[in-house]
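# Observations on the model geometry
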Amino acid sequence: REVAPGAVHVPGWLDLHEQKDIVAQFMCWARGPVPIRAARLPGGHDMSVRTVCLGWHWQPYRYTREAGDVNGVRVLDFPDWLVTLGQRAVAAAFDDQTSAAAYRPDAALVNYYGDTAKMGMHQDKDEKSDAPVVSLSIGDTAKFRFGNTADRGQPYTDLDLVSGDLFVFGGPSRFAFHGVPKIYPGTGSRATGLASGRINITMRVTGLSE
Ligand code: MD3
Ligand code: FE
């Protein structure tokens with residue numbers, strides 16, 4: 001389960017009931033107040049992944065309360081039940097139960113991958129905190145690439161992220177390069193309520209206030 005120092009994979013952590021609840025919530029989040037969209041990168045290209053945010057809106061490469069790159073409306077609050085789920089996730093991944101109880105994520109990026117969507121190798125460094133990132137996968141299986149902290153290249157490890165899997169990235173893994181080179185279409189179960197594609201929730205501590 002410990003893929004690298006501070007990087008813990010817990011396969012099948014979410015039960016089907018929890019996955020169904022998250023899919024139903026996702027359908028609501030995706031409609032608005034800030035509709036789900038493909039973020040436009042500074043170079044002018046749109047990402048193939050579509051993202052809706054909770055708590056703070058991520059626009060490449062900063063966090064704001066209002067979605068200036070979509071419709072200017074304030075994003076939904078970060079729900080208390082997701083704070084609790086994030087604390088349970090950190091508790092499941094790490095031995096230090098004190099830091100799990102103190103974990104207070106305040107932003108979530110909820111990503112949707114269609115059959116051909118991918119995410120290039122990158123670091124998540126827009127947060128002004130080194131608190132862990134919690135990742136939850138639902139739907140189609142993804143090929144996930146977990147790299148090093150120096151650059152996009154080797155060494156990296158490829159592993160599959162399956163519906164229900166938890167991954168927590170803390171400590172020295174928090175600023176590792178990572179990406180999603182491919183989705184395996186049609187591998188998810190319809191029982192989650194998701195007809196196709198993949199949902200990934202990443203919870204973060206932004207270190208921002210106000
Ligand atoms: C390792 N999402 O939203 S989740 C992202 O599947 C992102 O949607 C991917 O990368 C996805 O930024 C990968 C796994 C993940 C998320 C955040 C990390 C791995 C991470 C932050 C630091 C190190
Ligand atoms: Fe990332």
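The structure under discussion appears in the preceding block.
Figured I'd write up the structure that's included with this text. (Residues numbered from 1 in each chain as written. Chains lettered and ligands numbered in written order. Predicted model: local features only at pLDDT ≥ 70, side-chain atom pairs only at ≥ 80, totals over all residues. Heavy atoms only, no water.)

Close to ligand 1 lie 18 residues, the nearest being Tyr113, Asp124, Arg174, His178 and Arg198. One of the side-chain N or O atoms of His122 is found 3.1 Å from an oxygen atom in ligand 1. One nitrogen or oxygen atom from the side chain of Asn200 is found 3.4 Å from an oxygen atom belonging to ligand 1. A total of 490 Å² of accessible area belongs to ligand 1 in isolation, and the protein chains cover 98% of it. (Near = heavy atom within 4 Å. Polar contact = N/O pair within 3.5 Å; in protein donor to acceptor, adjacent residues only side chain to side chain. Areas by Shrake-Rupley, 256 points an atom, 1.4 Å probe, with all protein chains shown as cover.)

Here we take up the coordination of the iron ion (ligand 2). Around the iron ion (ligand 2), the protein contributes the donor atoms His122 (NE2), Asp124 (OD) and His178 (NE2), which lie 2.1 to 2.3 Å from the metal centre. Mapping the donors of the iron ion (ligand 2) onto the primary sequence gives the spacing H-x1-D-x53-H. With Asp124 in the loop between strand E7 (119-122) and strand E8 (133-139) and His178 in strand E12 (residues 178-184), this residue pair connects regions lying 54 residues apart in the sequence. Note on Asp124: relative accessible area 11%, which makes it buried. (Donors = N, O, S within 2.8 Å, 3.2 Å for Na, K, Ca; no water. Helix = DSSP H or I, 4+ residues; strand = E, 2+ residues; numbered from the N terminus. Buried < 20%, exposed > 50% of the residue type's maximum accessible area, 1.4 Å probe, protein only.)

As a further point, take the nonpolar core. The biggest cluster of nonpolar side chains holds 36 residues, and the ones touching the most others in it are Phe26, Val134, Leu136, Ile199, Ile201 and Met203. Those elements giving two or more residues to this core turn out to be strand E2 (7-10), helix H1 (16-31), strand E3 (50-54), helix H2 (80-93), strand E6 (107-113), E8, strand E11 (166-169) and strand E13 (198-204). Sort the elements by how many residues they give to this core and H2 lands first, with 6 residues. Setting aside anything within four residues of it in sequence, one finds Phe26 in contact with Ile36, Val52, Val110, Tyr112 and Ile199. Formed by 24 residues, the second largest nonpolar core is a distinct cluster that contains Ala4, Trp56, Tyr113 and Ile183. (Core = buried A, V, L, I, M, F, W, Y, C linked by side-chain atoms within 4.5 Å. Contact = heavy atoms within 4.5 Å.)

By themselves these figures say nothing about function.
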